[in-house]
Amino acid sequence: ISELFATFERAPLAAGSLGQVHRATHFDGTPLAVKIRRPGAVRSVERDLSLMHEIAVLIERHIAEARIFDPVGLVNHFARSIRRELNFAREGRTMDEFRRLFRQDATLYVPHVFWELTTDAVLTMEFIDGLRIDETEAQAACGLSPADLAANGARIFMKQAFEFGVFHGDPHPGNIRI
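Remember, predicted model here, so these are calculated numbers, not experimental data.

Thoughts on the pattern of salt bridges
Turning to step 1, where the next piece is worked out: By the definition in use, this model includes seven salt bridges.
Turning to step 2, where the next piece is worked out: Put simply, Lys35 and Glu91 hold a salt bridge, and the shortest N to O gap is 2.8 Å. Separated by 56 residues along the polypeptide, Lys35 in strand β4 (residues 31-37) and Glu91 in helix α3 (residues 88-101) bring together distant segments of the chain.
Turning to step 3, where the next piece is worked out: Where Glu46 meets Arg83, a salt bridge forms, and the shortest distance between an N and an O atom there is 2.8 Å. In this pair, Glu46 is assigned in helix α1 (residues 41-62) and Arg83 in helix α2 (residues 71-86), connecting sequence segments 37 residues apart.
Turning to step 4, where the next piece is worked out: Taking relative accessible area as the criterion, Glu46 reaches 30% and is therefore assigned partly exposed.
Turning to step 5, where the next piece is worked out: Linked through salt bridges whose partners overlap, the residues forming this network are Asp105, Arg155 and Lys159.

In structure tokens:
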């Protein structure tokens, strides 16, 4: 860690099912967020997907009414999606694409990805400080209008979906800062 970062906080800032995020500092002084895939996450996901597939096959074989929902097809679709989420370098490429698409939009900032510190299991990006989207009292204390924030969020969502044809699939409060 000391060879890659000037500082690195060992206690995670945030954690999810696939990984956790740590604060760090680049040697040039840039504050960083380092997302690290949990050890064993790939093995656990693959084990769970295998079990889901076996159950879907049994459902299709023994419950005729369920075939209309294509349980095996649904599991296969979910498997493709979750395997993409396990690849943090792919997430970084998506961030770069969002950054490029919204480069002319002063109301949205997408963190810079540090590719020399990113792999399939580690995503290193610029740390963005600010208020979480669910910190409404702090927003009010700063004079921010909930209606303006909602309108801007809706405009960004519509622009990404209908103009650019892309979709941010994980817009929870931990991923958005004001």
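A word on a positive patch on the surface
Turning to step 1, where the next piece is worked out: Together, Arg80, Arg84, Arg90 and Arg93 line one region of the surface with positive charge.
Turning to step 2, where the next piece is worked out: Along the polypeptide, Arg84 turns up in helix α2.
Turning to step 3, where the next piece is worked out: Residue Arg84 is classed as partly exposed on the basis of its relative accessible area, which comes to 38%.

Thoughts on a nonpolar patch on the surface
Turning to step 1, where the next piece is worked out: Together, Phe157, Met158, Phe162 and Phe167 line one region of the surface with nonpolar side chains, adding up to about 480 Å² of accessible area.
Turning to step 2, where the next piece is worked out: Judged by relative accessible area, Phe167 falls into the exposed class, the value being 55%.

Description of the nonpolar core
Turning to step 1, where the next piece is worked out: One finds Ala33, Met95, Phe102, Leu123 and Met125 to be the most contacted residues of the largest nonpolar core, which totals 13 residues.
Turning to step 2, where the next piece is worked out: Of all the secondary-structure elements, those providing two or more residues to this core are α3 and β5 (122-126).
Turning to step 3, where the next piece is worked out: If one sorts the elements of this core by residue count, α3 sits on top with four residues.
Turning to step 4, where the next piece is worked out: Discounting residues that sit within four places of it in the chain, Leu123 has contacts with Ala33, Val34, Lys35, Phe88, Glu91, Gly92, Met95, Val113 and Thr118.

Notes on helix α5 (residues 146-163)
Turning to step 1, where the next piece is worked out: When the terminal C-alpha atoms of α5 are compared, their 25 Å separation across 18 residues agrees well with the 26 Å that a helix rising 1.5 Å per residue should span.
Turning to step 2, where the next piece is worked out: Phi for Gly165, located one or two positions after α5, is positive at around 70°.

So, how was this worked out
- Residues numbered from 1 in each chain as written.
- Predicted model: local features only at pLDDT ≥ 70, side-chain atom pairs only at ≥ 80, totals over all residues.
- Heavy atoms only, no water.
- Salt bridge = Lys/Arg side-chain N within 4 Å of Asp/Glu carboxyl O.
- Helix = DSSP H or I, 4+ residues; strand = E, 2+ residues; numbered from the N terminus.
- Buried < 20%, exposed > 50% of the residue type's maximum accessible area, 1.4 Å probe, protein only.
- Patch = residues over 30% accessible without salt bridge, like charges linked within 9 Å, V, L, I, M, F, W, Y side chains within 5 Å.
- Areas by Shrake-Rupley, 256 points an atom, 1.4 Å probe, with all protein chains shown as cover.
- Lys, Arg positive; Asp, Glu negative; His and termini not counted.
- Charge placed at Lys NZ, Arg CZ, Asp CG, Glu CD.
- Core = buried A, V, L, I, M, F, W, Y, C linked by side-chain atoms within 4.5 Å.
- Contact = heavy atoms within 4.5 Å.
- Expected span 1.5 Å × (residues − 1).

No statement about biological role is implied by the geometric values presented.
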